[in-house]
Amino acid sequence: MTADAANALHTLIDLIRYGASRFNAAGLTFGHSHDNALDEATALVLHTLHLPPDLGPAYGQAHLLAEEKQAILALIERRVAERVPVAYLTGEAWFAGLSFKTDARALVPRSPIAELIESGFEPWLGGRQVQRVLDLCTGSGCIAIAMGHYNPDWQVDGADISDEALALAAENKARLHADNVQLIKSDLFNGLSGRRYELIVSNPPYVTNEETDALPQEYSHEPQLGLRAGQDGLDLVLKILRDAPSHLSADGLLICEVGESERHLVRLLPEVDFSWIEFKVGQMGVFAVECRELIAHSARITELAAQRS
């Protein structure tokens, strides 16, 4: 950008509009907290100016200092040149109405499970009493910490195999004062012996190898450990379905995100009564299933899980 062009940008709205135009012209991919250039440019500008995401439109005509404009333009150019998700550039992502520290140690928070957390997991819990909850494959800790935030009477465990992800989750736990959340290193359920829960929530890796290899450059900045899950994306999900009954109460509930691998799961286990959850934007590959349903079909689930490495 020339100095004359930069000098033509004065207001907060000017910078947001310019950022969105640059992003669209560069053909960027949006899949990390935002699904379009305008929202992503808005998030970048407001964060850089230390302003809240719900800033009123009256501030749009506010003029920027030269150093503020320089900082924003530098991030816009990094977003275009390096294809880094905005959440990694700013170090912040919003999830379930909460601000989380975000960096390349874990995936950018973006699960539709946020909507379930804010609605108290109803009607899926059906009013059942919940005391102990597990977030399996917790990553940055966003699901575990949000559940603990909105349900201070719950005891929430967040488990992950990655030391780096758990370190980031610990920073987010401190950031959001989530004293009712415990973080545990565990390869799926292997480190959770003897623990049982009324509710298990999981957003595990579920992207097929082929789809992972074909992902746009933005996703290459995220840890592959959080994405890649075999030929049909179900290598971890089948093990979760197999082992969850050993960690659920008799009337416990499992909620799990499988994304586009939903079609593979339905093909493999047509006899299992998965309840596919409808969100405000439609179906997003998230199911709820009762513990008793998993027990009823444990033989077939165990057979399929045994075929995975």
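One can find the structure itself at the top, above this paragraph.
Residues numbered from 1 in each chain as written. Predicted model: local features only at pLDDT ≥ 70, side-chain atom pairs only at ≥ 80, totals over all residues. Heavy atoms only, no water.

Some words on the pattern of salt bridges
Where charged atoms of side chains with opposite charge meet at close range, the side chains can pair. One pass over the structure, following the stated rule, counts 21 salt bridges. Between R175 and E92 there is a salt bridge, and its shortest N-O distance comes to 3.9 Å. Placement of R175 in helix 8 (residues 163-175) and of E92 in strand 1 (residues 92-95) is noted, with a sequence separation of 83 residues between them. Accessibility expressed as a relative area gives 18% for E92, which makes it buried. Where D157 meets R132, a salt bridge forms, and the shortest distance between an N and an O atom there is 3.1 Å. (Salt bridge = Lys/Arg side-chain N within 4 Å of Asp/Glu carboxyl O. Helix = DSSP H or I, 4+ residues; strand = E, 2+ residues; numbered from the N terminus. Buried < 20%, exposed > 50% of the residue type's maximum accessible area, 1.4 Å probe, protein only.)

Things to note about the environment of K101
Looking at where K101 falls in the secondary structure, it is placed in strand 2 (residues 98-101). The exposure class of K101 is partly exposed, given its relative accessible area of 29%. Once the C-alpha coordinates of K101 and A37 are considered, the two residues, 64 residues apart in sequence, prove to be 22 Å apart. Contact partners of K101, with chain neighbours within four places excluded, come to G91, L168, E171, N172 and R175. At a separation of 2.5 Å, a polar atom in the side chain of K101 contacts the side chain of E171. (Contact = heavy atoms within 4.5 Å. Polar contact = N/O pair within 3.5 Å; in protein donor to acceptor, adjacent residues only side chain to side chain.)

Observations concerning the environment of N203
Tracing the chain through its elements places N203 in the loop between strand 6 (197-202) and helix 9 (209-213). The spatial distance from the C-alpha of N203 to the C-alpha of D232 is 16 Å, given a sequence separation of 29 residues. When neighbours within four sequence positions are excluded, N203 is seen to be in contact with S111, I113, L136, C137, I143 and E257.

Observations concerning the packing of helix 2 (residues 12-25) against helix 3 (residues 37-48)
Where helix 2 contacts helix 3, the axes come no closer than 8 Å and their chain directions differ by 130°. Regarding the angle of helix 2 to helix 3, the classification is oblique. In this structure, the crossing between helix 2 and helix 3 has a hand that is right-handed. Residue-level contacts link L12, L15, I16, G19, A20, F23 and N24 of helix 2 to A37, L38, E40, A41, T42, L44, V45 and L46 of helix 3. When grouped by side-chain class, the residues that make up the contact of helix 2 with helix 3 number eleven nonpolar, three polar and one charged. (Axes fitted to C-alpha atoms, helices over the stretch in contact; angles between N-to-C directions. Parallel < 35°, antiparallel > 145°, perpendicular 65-115°, else oblique. Left-handed = near helix turned anticlockwise from the far one by under 90°. Nonpolar A, V, L, I, M, F, W, Y, C, P; charged D, E, K, R; others polar.)

What about the sheet that holds strand 9 (residues 282-290)?
Within a sheet, each strand pairs with its neighbour through backbone hydrogen bonds, oriented either parallel or antiparallel. The seven strands lie next to each other as 5-4-3-6-7-9-8, forming an open sheet whose pairing is mixed. In this open sheet, the two edge strands, each paired with only one partner strand, are strand 5 (181-185) and strand 8 (275-279). Here the average twist between neighbouring strands, direction ignored, is 20°. Bridge count between strand 3 (residues 132-136) and strand 4 (residues 155-160): five bridges; the pairing is parallel. Residue pairing across strands places R132 opposite Q155, the latter belonging to strand 4. This element, helix 7 (residues 142-150), spans strand 3, strand 4, strand 5 and strand 6 of the sheet and lies at about 155° to strand 3. Across the sheet, helix 8 lies against strand 4 and strand 5, angled at about 170° from strand 5, the strand it touches most. (Pairing = 2+ DSSP bridges.)

Focus on the nonpolar core
In this structure, L241, L254, L265, L269 and F287 are the most contacted members of the largest nonpolar core, which totals 33 residues. Contributing elements (two or more residues each) for this core: strand 3, strand 6, helix 10 (235-243), strand 7 (248-257), helix 11 (262-268), strand 9, helix 12 (291-296) and helix 13 (298-306). With four residues, helix 10 is the single largest residue contributor to this core. For L269, the contacting residues outside a window of four places in its chain are L238, L241, F274, R300, I301 and L304. Judged by nonpolar contacts, the second largest core, of 31 residues, contains F121, I145, F279 and V286. (Core = buried A, V, L, I, M, F, W, Y, C linked by side-chain atoms within 4.5 Å.)

Here we look at the pairing of strand 3
The element strand 3 is largely enclosed, with a buried count of four among its five residues. Tracing the backbone out of strand 3, into helix 7 and back to the parallel element strand 4 gives a crossover that is right-handed. Of the pairings in the sheet, the one linking strand 3 to strand 6 comprises four bridges and is parallel in character. Looking across to strand 6, one finds that D135 is bridged to V201. (Right-handed = clockwise from strand over helix to strand, strands pointing away.)

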